[in-house]
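Geometric and topological summary
Here are the chains, one letter per residue:
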Amino acid sequence: EVSVKNLELIENDDAGTETLTPITTDSSYTDVLPRLQVNYRASDDLIFRGAVFSSLARPEFQFIAGTTEIAIEDGTADIFLGNPNLETAKAWNFDFGVEYYYGGIGILSTNVFYKTIDGFIFNDDAPEGDGDATRFENDPRLAGLDIGDVETFYNGETAEVYGLELNFIRQFTDLDGFWGGFGTYINLTLQESSADSGL
């Protein structure tokens, strides 16, 4: 349960005034996160790992705070506001990896991953006809002004992320003296993603 006391700021450059009004918003979240993870050691040097698990990303504090900023200039009001109704972004993750250890201090590994996300969070201008876009049209404090951009935070529909990660780690322990403390670490990650905002 999150309860936030915020301020609404109306900054009127045309009139040279600023007005602050206290507001309060509330949000509530409950989540369960199942996980299944399996490690199989085929030999002392070869390990297979797999996992299926859920994860989440709760909205940042500034996103769910109902803080509102209204900037008026040249007869137009541009508005930025938080969204206390944001939901937690939830994901299912699928990971599979193979690790091969060699030479005392060395590893070669390959991992593939896939993630599907529901309700990912992003910010954008409110579409025409949206409640956030229309709620200020009849606000008496903004009478006679054009309502410009109304920007806020939204939950998107779905997103996917998938890819491949390759690792190579090697310490040069077979070299003598000073040089034996050196090593190399190489990582290559290839990733693709797609998303549907729902707007």
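In what follows, the accompanying structure is described. Computed from a prediction, not measured in an experiment: that's the story for all the values here.

1. A look at the overall build of the protein chain
The number of helices and strands found in the protein chain is two helices and twelve strands. Beginning at the N terminus, the succession of helices and strands in the protein chain can be written as β-β-β-β-α-β-β-β-β-β-α-β-β-β. Along the first, second and third principal axes, the C-alpha atoms of the protein chain reach 80 × 40 × 30 Å. Burial status across the protein chain gives 28% buried among its 199 residues. Partitioning the contacts of the protein chain with sequence separation of at least 6, the portion at a separation of at least 24 is 66%. Entry remark: accessible area of the protein chain is about 12,600 Å², with carbon and sulfur atoms responsible for 52%.

2. Some thoughts on the pattern of salt bridges
Summed over the entire model, instances satisfying the criterion amount to three salt bridges. For Arg58, the salt bridge is made with Asp31, and the minimal N-O distance between the two is 3.2 Å. Placement of Arg58 in the loop between strand S4 (46-57) and helix H1 (61-64) and of Asp31 in the loop between strand S2 (17-27) and strand S3 (35-41) is noted, with a sequence separation of 27 residues between them. When its relative accessible area of 47% is taken as the criterion, Arg58 is described as partly exposed. Residue Asp31 is classed as partly exposed on the basis of its relative accessible area of 22%. Here Lys90 makes a salt bridge to Asp31, at a shortest N to O gap of 3.5 Å. Taken as a pair, Lys90 in strand S7 (residues 89-101) and Asp31 in the loop between S2 and S3 lie far apart in primary sequence, 59 residues in all. Take Lys90: its relative accessible area is 44%, and that puts it in the partly exposed class. In this structure, a network of salt bridges that share partners links the residues Asp31, Arg58 and Lys90.

3. Focus: the environment of Pro84
Here Pro84 is to be found in the loop between strand S6 (76-81) and S7. On a C-alpha basis, the gap between Pro84 and Phe153 in space is 9.3 Å, while along the polypeptide they are 69 residues apart.

4. Examining a negative patch on the surface
Taken together, the side chains of Asp13, Asp14, Glu18, Glu73, Asp74, Asp78, Asp124, Asp125 and Asp149 make up a negatively charged region of the molecular surface. Residue position: Glu73 is located in strand S5 (residues 68-73). Taking relative accessible area as the criterion, Glu73 reaches 47% and is therefore assigned partly exposed.

5. Digging into the side chain of Ser54
Tracing the chain through its elements places Ser54 in strand S4. The exposure class assigned to Ser54 is buried, which follows from its relative accessible area of 13%. Contacts of Ser54, omitting those with residues within four sequence positions, involve Val32, Leu33, Pro34, Ala91, Trp92 and Asn93.

6. Here we look at the sheet that holds strand S11 (residues 158-171)
A sheet is described by the order of its strands in space; here six strands give the open sequence S3-S4-S7-S8-S11-S12, paired in antiparallel fashion. Strand pairing shows two members of the sheet lacking a second neighbour, S3 and strand S12 (183-196), which therefore form its edges. Put simply, the sheet's adjacent strands are angled 10 degrees from each other on average, direction ignored. With twelve bridges joining them, S4 and S7 adopt antiparallel strand pairing. Looking across to S7, one finds that Val52 is bridged to Phe94.

7. Focus on the pairing of S7
Taken together, the twelve bridges between S7 and strand S8 (residues 106-118) define a ladder with antiparallel strand orientation. Across the sheet, residue Phe94 finds its bridge partner in S8, namely Tyr114.

8. Concerning the pairing of S8
In this structure, S8 lies alongside S11, joined through 13 bridges in antiparallel fashion. Residue pairing across strands places Val112 opposite Leu164, the latter belonging to S11.

9. Regarding the side chain of Ser109
Looking at where Ser109 falls in the secondary structure, it is placed in strand S8. Under the relative-accessibility criterion, Ser109 is labelled buried at 5%. The residues contacting Ser109, other than those within four sequence positions of it, are Val98, Glu99, Glu165, Leu166 and Asn167.

Calculation notes
Residues numbered from 1 in each chain as written. Predicted model: local features only at pLDDT ≥ 70, side-chain atom pairs only at ≥ 80, totals over all residues. Heavy atoms only, no water. Helix = DSSP H or I, 4+ residues; strand = E, 2+ residues; numbered from the N terminus. Buried < 20%, exposed > 50% of the residue type's maximum accessible area, 1.4 Å probe, protein only. Contact = heavy atoms within 4.5 Å. Areas by Shrake-Rupley, 256 points an atom, 1.4 Å probe, with all protein chains shown as cover. Salt bridge = Lys/Arg side-chain N within 4 Å of Asp/Glu carboxyl O. Patch = residues over 30% accessible without salt bridge, like charges linked within 9 Å, V, L, I, M, F, W, Y side chains within 5 Å. Lys, Arg positive; Asp, Glu negative; His and termini not counted. Charge placed at Lys NZ, Arg CZ, Asp CG, Glu CD. Pairing = 2+ DSSP bridges. Axes fitted to C-alpha atoms, helices over the stretch in contact; angles between N-to-C directions.

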